[in-house]
Each structure stands twice: as C-alpha cells, then as structure tokens.
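# Summary of the model geometry
So the chains spell out like this:
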Amino acid sequence: MLERTVPRWPLWRCAGPLDGALGFPAFCSPRRRARIALVCRDVRAAVLIVRDLPLAPAAIHIGHRLGIPVILDMAEHYPAMIRAIWESGRNKPVDWLVRNPRIVERVERYCIANADHVLVVADEMCERLAAMGVDGSRMKRVSNTPMLESVHLVAKSLSATKRPMRLVYLGILEVVRGINELIDAVASLRASQTPCTLLLIGTGRDEQLFRNRAASLGLTGADVDFAGYVPYERAMTRVAEADVGILPLHRNEHMDTTEPNKLFDYMSLGLPVITSNTIPSARIVRAEHAGAVFEAGNAADLARVIATLESAELRIEMGRSGRAAVERFYNWKHDAAALVGAVEKVAASSTNAGGGRGQDLS
C-alpha cells in the first residue's frame, strides 16, 4: 500500500496582505512550481496528483522532470465552468488574464494529453474525454461522494405538513447556479399560498445581487435566509433540518458533465432532491427515485415541482430512497477504493518502466 502525503501550503507572513496574491494558483506561478518540486523531492513522491487545471501545467512539468507520473484530477469541466461565468456576464476584469476561456481550453488540451492518468467525477465526462481521443485505460471515475460515518440522519416528522416547507441550497452563490430562479420560485409560491422558506448556505460573487432580488420581490429574512459561510459540520446539521434539498443549476456543458457533491450530501441526509435537468444530476435523481426534476432556468417550473412535494409522506419516501442509494453505491468508501486502485496502478506502471523520465530540475 502506498503512503499518502498531503503537504499544506505555507503562509508567507512577511508578505502580509500580498500573500494571497503571490500564492494564487495561476498556471505558471513560480512560487507554486518551486513548492511542488520541493515537496516531491522531500517526500520522494511516487505519484503526483493535481486537482483541477490551474496548477496542472506546473505539476506536469515538474513530474516530467523528476520522473514522477502525474494524475490529473478533473473535479469538473473547468473550461466550461469559466465559459459559463463569462456568458452570464458576471466575469471581472482580472478574469481576462487568469480565467480567460480560450486560454483555459488550450491548457486543458495540453494537460489531458500530457498527464499519465485522469480522474473524472461523472460518466458524461468519461464520454467527453473519449470523444477527445483519451483511451479508457487512462481514465477512472471517482465521484464527489460523502463519508457515511460522518453523516447523522435527522428523523423527518409527518406532522411537518402543517408548517411551511423548508427548502435548502448549499453551495456557491452565483448566477449560473440558478439562485435567481430559486428566489423567484419562492416568491411565486408565497403568492399562491403555498408556504415555504428558503435557506441559502454559502457565499459567492453574486450574493448581493440575490439579496437585492429577494428584497425587490418583497421577501424578508423569514422567507429567504442568507446564512453566509457556515463551517462544514454545522452546515450539514442545518441542511439535515430542512425538508428538501435544491440544485437549481443552469444547463450548460459544465453542469452536464459533473456530479455536484451537494447532490450526494442531500441524499446522504435523507432529503429528497429537486434538481434542474442537468444530465448527471437528473439521471441519478430519476434512477434512484430520490426527488424530482424541473426545467433549468424556468422559475415557474421550479415552483410547480416544489409544490408537488408538499406531502411529507412523499418527501420521506424519496429521502429514504436517496439515502439507500448512497449507502449502496454513492459513498466515499466505494470511491476511495477506486481512487487508491488508480493511484497504485499508475505507481506500479511507473516502477515497472523504471521511472522513464529524467531527474534534472535545473
């Protein structure tokens, strides 16, 4: 069994407020490159795993020079995510340099071609990479699933039918995540005398935009609660107290090729899930009878689907089905085994090949 080491990023306290800028995970950050090389030599790394694209070119370059195989962990379709932010009009001036879609797409092609192995989170991403010419033997699916031992279920009561349905969204607050439509749906349901409340846990670049939208629709803090950042364990406790978990994501190439970890968080806590019709999330929710699906970007359809879950009995049934699916398959014990297997396979291949790469870092 390989020893796994996760070194932490050191602070440059002498740099003061510049430390964050100097440590930004840009494609060619000299500080990041130097740190990766130092750690690889110090721990005599057998395999180097790099998470997402920003640091991937540096990791691949160092790995090639040290003769260390590199695994690219594609947690999401990064170029499509960046493109979606630009198309929403919420990009910032600095994004022209550090999150330019054209540059990111070129970087992804380079990294996919030069990494020894690629980890993906969804079947749809496997299909995308296969269409790009990536051999199936160089890919492994490792999804964003929870550790069951850290999940504490909260019993749902049938008496909950007499109080407003409690909706929860956990994640980044951005336009492309569908929060505008979610707030509109809550306002529509209130107007139609279908009582519900919404808890938004998280922060993001568009939070103030959503606060303004809620206020303009006459929604108060009792209707939409902006909880802000909440530490993970406390956030999961608050999510467990809700009646329905919402994934209102917009349809785009990014969301159609990833499985959001919040989907499995909701399911693991026994919550029924209402998701937009993004391909992976809708596929799982429908197959596992774990909730309901609405048309992405359509606030009226979202409101309609929320109203169909007024029955506490139905919500409990769906929540149990989703929880059973997590216990059976969508959990970290299952995905951890897949991850370890992929790492050991890559390490063994490198050892059998005698390293195969030079050791010069000059």
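Below you will find a few notes about this structure. (Residues numbered from 1 in each chain as written. Predicted model: local features only at pLDDT ≥ 70, side-chain atom pairs only at ≥ 80, totals over all residues. Heavy atoms only, no water.)

This next bit is on the nonpolar core. Note that soluble globular proteins tend to have their nonpolar side chains buried in a common cluster. Among the nonpolar cores identified, the biggest contains 60 residues, and Leu-167, Tyr-266, Met-267 and Ile-274 are the most heavily contacted of them. Counting residues per element, this core draws most heavily on helix α8 (residues 179–191), which supplies 7 residues. Contacts of Leu-167, omitting those with residues within four sequence positions, involve Val-186, Cys-196, Thr-197, Leu-198, Leu-199, Val-244, Ile-246 and Ile-306. Listed in part, the 33 residues of the second largest apolar core include Ile-36, Leu-66, Val-70 and Ala-115. (Core = buried A, V, L, I, M, F, W, Y, C linked by side-chain atoms within 4.5 Å. Buried < 20%, exposed > 50% of the residue type's maximum accessible area, 1.4 Å probe, protein only. Helix = DSSP H or I, 4+ residues; strand = E, 2+ residues; numbered from the N terminus. Contact = heavy atoms within 4.5 Å.)

To summarise the sheet geometry, strands pair through backbone hydrogen bonds and adopt either a parallel or an antiparallel arrangement. Read from one edge to the other, the open sheet built from 4 strands follows the order β1-β2-β3-β4, with strand pairing classed as parallel. For this open sheet the edge positions go to β1 (48–51) and β4 (139–141), each flanked by a neighbour on one side alone. Adjacent strand axes in the sheet meet at a mean angle of 20 degrees when their direction is disregarded. With 4 bridges joining them, β1 and strand β2 (residues 70–74) adopt parallel strand pairing. Within β2, the position partnered with Leu-48 by the bridge is Val-70. (Pairing = 2+ DSSP bridges. Axes fitted to C-alpha atoms, helices over the stretch in contact; angles between N-to-C directions.)

Contact pair helix α3 (residues 56–66) / helix α6 (residues 101–114): the axes reach a minimum separation of 10 Å and the direction vectors enclose 30 degrees. Comparing the axis directions of α3 and α6 gives the class roughly parallel. With respect to the hand of their crossing, α3 and α6 are arranged in left-handed fashion. Where α3 approaches α6, its residues Ala-56, Pro-57, Ile-60 and His-64 are matched on the opposing element by Val-107, Tyr-110, Cys-111 and Asn-114. Classifying every residue of the contact of α3 with α6 gives 6 nonpolar, 2 polar and no charged. (Parallel < 35°, antiparallel > 145°, perpendicular 65-115°, else oblique. Left-handed = near helix turned anticlockwise from the far one by under 90°. Nonpolar A, V, L, I, M, F, W, Y, C, P; charged D, E, K, R; others polar.)

Here the focus is the sheet that holds strand β9 (residues 273–276). Strand order in the open sheet formed by 6 strands is β7-β6-β5-β8-β9-β10, with parallel pairing between adjacent strands. Two strands lie at the open edges of the sheet, namely β7 (224–228) and β10 (291–294), each paired on one side alone. Adjacent strand axes in the sheet meet at a mean angle of 20 degrees when their direction is disregarded.

Moving on, we come to the packing of aromatic side chains. Summed over the entire model, instances satisfying the criterion amount to 2 aromatic pairs. An angle of 20 degrees between the planes, with centres 5.1 Å apart, marks the rings of Phe-264 and Tyr-330 as stacked. Residue Phe-264 is located in helix α11 (residues 261–268), and its partner Tyr-330 is located in the loop between α14 (312–328) and α15 (332–352); the two are separated by 66 residues in the primary sequence. Given the relative accessible area of 9%, Tyr-330 is considered buried. Ring geometry for Phe-329 and Tyr-330: centres 4.9 Å apart, planes at 85 degrees, overall edge-to-face. A network of ring pairs unites the aromatic residues Phe-264, Phe-329 and Tyr-330 as a single cluster. (Phe/Tyr/Trp six-rings, centres within 6.5 Å; stacked < 30°, edge-to-face > 60°.)

Once that is clear, we can look at unusual backbone geometry. One non-glycine residue, Arg-44, lies in the positive phi region at around 50 degrees. Among the structural elements, Arg-44 can be located in the loop between α2 (30–43) and β1. Overall, Arg-44 belongs to the exposed group, its relative accessible area being 74%. Of note in the backbone geometry, His-289 takes a positive phi value of approximately 55 degrees without being a glycine. Note that His-289 resides in the loop between α12 (279–287) and β10. Since its relative accessible area comes to 58%, His-289 is described here as exposed.

A separate point is helix α10 (residues 232–240). Looking only at α10, the buried set comprises Ala-235, Met-236, Val-239 and Ala-240. The buried residues of α10 occupy an angular sector of 135 degrees when the element is viewed end-on, so they sit on one face. (Arc of directions from axis to C-beta.)

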